[in-house]
Amino acid sequence: MLNNEDYLNIFHEIKNSITLIGGSLQLVAKKHPEVNRFEYWNEAMSEISFLKNMVTQLSSARLCGHLNVMQINIYAFMHQIASSIRAFSWSSFNCNIVFEESLPLIELDPQLVKQAVINLVKNAYEAMGNNGTAVITVSCSDNYMHIAVTDQGGGLDPAFADHIFQPFITSKTGGSGLGLVITKEIAEAHHGRLECSSRPGDGCTFTLSFPLTQN
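None of the values given here were measured: they were computed from a predicted structure. (Residues numbered from 1 in each chain as written. Predicted model: local features only at pLDDT ≥ 70, side-chain atom pairs only at ≥ 80, totals over all residues. Heavy atoms only, no water.)

**Quick word on the pairing of strand β7 (residues 203–211)**
Burial within β7 is extensive, with nine of its nine residues counted as buried. Here strand β5 (residues 144–150) pairs with β7 via seven bridges, running antiparallel. For H146, the partnering residue across the bridge sits in β7 and is S209. For strand β6 (residues 193–199) and β7, the ladder comprises seven bridges, and the chain directions are antiparallel. Paired with S198 across the strands is C204, a residue of β7. Hairpin connection between β6 and β7: a loop of three residues separates the two successive antiparallel strands, and G201 in this loop has a positive phi of roughly 85°. (Buried < 20%, exposed > 50% of the residue type's maximum accessible area, 1.4 Å probe, protein only. Helix = DSSP H or I, 4+ residues; strand = E, 2+ residues; numbered from the N terminus. Pairing = 2+ DSSP bridges.)

**Focus: the confidence of the model for the chain**
On average, residues of the chain carry a pLDDT of 82, and 80% of them reach 70 or more. The least confident element of the chain is helix α2 (residues 41–62), whose mean pLDDT is 72; the most confident is β5, at 97. (pLDDT = per-residue confidence, 0-100.)

**Thoughts on helix α3 (residues 74–86)**
Its 13 residues place the ends of α3 18 Å apart at the C-alpha level, agreeing with the 18 Å of an ideal helix rising 1.5 Å per residue. If you check which residues of α3 are buried, you get I74, F77, M78, I81, A82, S84 and I85. The buried residues of α3 all sit within an arc of 160° when viewed along its axis, so they share a single face. Exposed side of α3, more than 90 degrees from the buried face: Q80 and R86 are the residues found there. Sitting at the head of α3, N73 places a side-chain oxygen 2.9 Å from the backbone nitrogen of Y75. (Expected span 1.5 Å × (residues − 1). Arc of directions from axis to C-beta. Polar contact = N/O pair within 3.5 Å; in protein donor to acceptor, adjacent residues only side chain to side chain.)

**Here we look at the sheet that holds strand β2 (residues 93–99)**
With mixed pairing, the five strands of this open sheet are ordered in space as β2-β4-β5-β7-β6. In this open sheet, the two edge strands, each paired with only one partner strand, are β2 and β6. Direction aside, neighbouring strands of the sheet carry axes that sit 15° apart on average. Here seven bridges tie strand β4 (residues 132–141) to β5, and the two strands are oriented antiparallel to one another. Following the sheet pairing, I136 is matched in β5 by V149. Its contacts with the sheet place α3 against β2, β4 and β5, and it is angled at close to 180° to β2. (Axes fitted to C-alpha atoms, helices over the stretch in contact; angles between N-to-C directions. Contact = heavy atoms within 4.5 Å.)

**Considerations on the side chain of T150**
Residue placement: T150 occurs in strand β5. Residue classification places T150 among the buried positions, given a relative accessible area of 19%. Here the side chain of T150 touches T205 through a polar contact of 2.8 Å, side chain to side chain. Ignoring anything within four residues of it in the chain, the contact list for T150 reads A134, V135, R199, C204 and T205.

**Describing the pattern of salt bridges**
With the rule as written, the count across this model stands at three salt bridges. Between K184 and E188 there is a salt bridge; the shortest N-O distance is 2.6 Å. Here E188 and K184 lie together in helix α5 (residues 179–189), a separation of four residues that amounts to about one turn. A salt bridge links E195 to R193; the nearest nitrogen and oxygen atoms lie 3.5 Å apart. Under the relative-accessibility criterion, E195 is labelled partly exposed at 41%. (Salt bridge = Lys/Arg side-chain N within 4 Å of Asp/Glu carboxyl O.)

So, in structure tokens, the structure goes:
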């Protein structure tokens, strides 16, 4: 049976091959720019990018089997995430963080949880048409830390509402349908959960809930 390291090596080799193909086609386009006008050229390049992104996300999902847990100050952690979000240079998009007072320390894998939160913020960004303001609310109750990302993107498409945590199902053009699946796996790997509340015509709130300790 393959272990996590075996899977990651396989994903790495596949990604390398996809990158080589993409790079070779870019060199062809640079030497022969007329190919950009060929039928299906842009679609082919788009599919290569899609495959590379999918392999990256699948390899991240395999990492959920092993957590690098440490005790985290949630205030400092979320401010680090805010800095990463600003680095995306989404000029027409803002993300505000609201903290409950006196939040305790929490045990989690910072790399994976950062990925989970940023996945939700990216979803908010896309749901709102790349502009507007999303709000991250951090609170604590019943020995769980809650990180809720709220957007004003109009709410879930009813055709997808019951299937948002299933792989390869998405309403986004060019989307893989893996972002929420991986985010949910990260939450569950921490013995937590990911929940969604949709407000039709208004927006959505996705909430990550993590226990304070990983016993």
